[in-house]
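# Secondary and tertiary structure notes
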Amino acid sequence: MLRRSGRRSQLNTARHNSLLSTLRGSGLRALLLGIGLFLAAALCFASQPIDGRVPSIFDPHSTPAKSIDHFSLFVLSVTGLIFLVVFTLLIFAVVKYRMRPADAGREPTQVYGSTQIELAWTVIPILIVVVLFLATARVIHSVEDAPEPAHALDVTVIGHQFWWEFRYPRLGVVTANELHIPVSDPANPRPTFLTLLSADTDHSFWVPQLAGKTDLIPNRVNHMWMDPYQAEVFVGQCAQYCGTQHAKMLLTVYVDNPSDFDAWVRAQQQTAVRDDSVAAGQRIFESTACINCHAIRGTAADGRFGPDLTHLMSRRTIASGAAENTKANLRLWIQQPDAIKPGSLMPAMQLSNADLDALVDYLETLR
Ligand code: HEC
Ligand SMILES: [Cu+2]
């Protein structure tokens, strides 16, 4: 009996050894290669700046982002500590109890049913999970259930394939892709509360330095808020795959000083400038399908499928950050949107060169 089990364990050891050597050969190499590739990709991604800046969740500039930052550092330290303890014990056990020639392939003494050990590894993880759960619940509550002060700024964000619509219902302003909000001085806070909607499919609003990530879902109303402490420009990105051009759905948030913000609002509230020197371009705009998809307040155009163009030239970029808002890019965009954003939902309008030039001249006046 004894001899038989001894032979079985010897057999097991032999199988084990051959497994180890296979692992050491191809498996281990593949594993190392995998880890190497992952690290390289992570490095590439981490160093890929969006619009020249890399938004980091560890550099918060607004209360919800700060709560998330503190909380993630807490979770990272708890899990880091667990990792250290477990890995130290693991390495200790592997080294101290490794198989030696003197063991002659015999199995070590088997220990069954230690109540103390069972209790320890049941109770300690439960305590850790309870602590993490309570800390999570506290942060979620502080972010999600924050009351909206009466003087907060309301903005409705509508996700579109593949651009952002921003409506300020109490101010009568509609714009796209570049969100302007005021600084919220901690002594006299003026937070911005966003209502998140979607016109087509799922999108996700994520500006890492200002707040967490919240999805925009068809037939559902979501909310989030932010109270940036200083005037600065923050970037973010649609964080939910929403179609081919999901990656070109940049978000830019301009946090303005109160006086700059008020001036911006006043300018946006105006209807489009009328400039008779570009009347030809306006006529082309108003007599083609442009007006079915775009609004220019003060003209016949009131389409809502595409961005509001009333103050197009007040934006630094077009097509959700896909290109700088220059004359050449505008022309290229109208001639062939796919050249800038393949798969965008604006069709190439097949205009003659002369019409194109007149149209771009007109658009350039929309300050
Ligand atoms: C079928 C609807 C449709 C028609 C017709 C259309 N557009 Fe568009 N347009 C869009 C959509 C959708 C976008 C946003 C594309 C994106 O960013 O992915 C857009 C974006 C734009 C932009 C960039 C705006 C910004 O702030 O990013 C300009 C400028 C523009 N269109 C001009 C025109 C002109 C001029 C015409 C007529 C010659 C026209 N469009 C016809 C749907 C349309
Ligand atoms: Cu999206």
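Here's a quick rundown of the structure.

The rules behind each value
- Residues numbered from 1 in each chain as written.
- Chains lettered and ligands numbered in written order.
- Predicted model: local features only at pLDDT ≥ 70, side-chain atom pairs only at ≥ 80, totals over all residues.
- Helix = DSSP H or I, 4+ residues; strand = E, 2+ residues; numbered from the N terminus.
- Near = placed C-beta within 6 Å.
- Nonpolar A, V, L, I, M, F, W, Y, C, P; charged D, E, K, R; others polar.
- Axes fitted to C-alpha atoms, helices over the stretch in contact; angles between N-to-C directions.
- Parallel < 35°, antiparallel > 145°, perpendicular 65-115°, else oblique.
- Left-handed = near helix turned anticlockwise from the far one by under 90°.
- Contact = placed C-beta atoms within 7 Å.
- Pairing = 2+ DSSP bridges.
- Core = buried A, V, L, I, M, F, W, Y, C linked by C-beta atoms within 7 Å.
- Buried ≥ 20, exposed ≤ 12 C-beta atoms within 10 Å, placed from the backbone.

Topologically, Ala199 is positioned in the loop between strand E5 (192–198) and strand E6 (203–206). Remark: the alpha-carbon pair of Ala199 and Pro218, spanning 19 residues in sequence, is separated by 6.4 Å.

This next bit is on the site of ligand 1. Near ligand 1 lie 32 residues; those nearest to it are Trp163, Cys290, Cys293, Gly306 and Met346. At the level of elements, helix H6 (290–293), helix H7 (327–335) and helix H9 (353–363) are the ones that each hand at least two residues to the shell around ligand 1. Its residues assigned to classes, the shell around ligand 1 comprises 22 nonpolar, eight polar and two charged.

Looking now at the packing of H7 against H9. For the pair H7 and H9, the least separation of the axes is 10 Å and the interaxial angle reads 125°. Between H7 and H9, the angle is such that the two are oblique. Between H7 and H9 the crossing geometry is right-handed. Facing Lys327, Leu330, Arg331, Ile334 and Gln335 of H7, the residues of H9 in contact are Leu356, Leu359, Val360 and Leu363. Across the contact of H7 with H9, the residue classes tally to six nonpolar, one polar and two charged.

Further remarks concern the sheet that holds strand E1 (residues 153–160). Taken together, the five strands give an open sheet; going across it, the order is E3-E2-E1-E5-E8, and neighbouring strands pair in mixed fashion. Of all strands in the sheet, those with a lone pairing partner are strand E3 (173–176) and strand E8 (222–226), marking the two edges. Across the sheet, the axes of successive neighbouring strands diverge by a mean angle of 25°, strand direction being ignored. For strand E2 (residues 163–168) and E3, the ladder comprises four bridges, and the chain directions are antiparallel.

The subject of this paragraph is the pairing of strand E9 (residues 232–238). The sheet contact formed by E6 and E9 spans two bridges and is antiparallel. Bridge pairing in E9 links Trp206 to Gln237. Where E9 lies against strand E10 (residues 250–256), six bridges are found, and the strand directions are antiparallel. Pairing of Val233 across the sheet is with Tyr254, part of E10.

Core analysis: the biggest nonpolar cluster contains 57 residues, and Val157, Val253, Leu359 and Leu363 have the highest contact counts within it. Here this core takes five residues from H9, the largest share from any one element.

Once that is clear, we can look at unusual backbone geometry. Going from Gln161 to Phe162, the amide bond is cis rather than trans, its omega being 0°. Secondary-structure assignment places Phe162 in the loop between E1 and E2. In this model, Asn219 sits at a positive phi of 60°, which is unusual for a non-glycine residue. Considering the arrangement of structural elements, one finds Asn219 in the loop between strand E7 (214–216) and E8. A count of 6 C-beta atoms within 10 Å places Asn219 in the exposed class.

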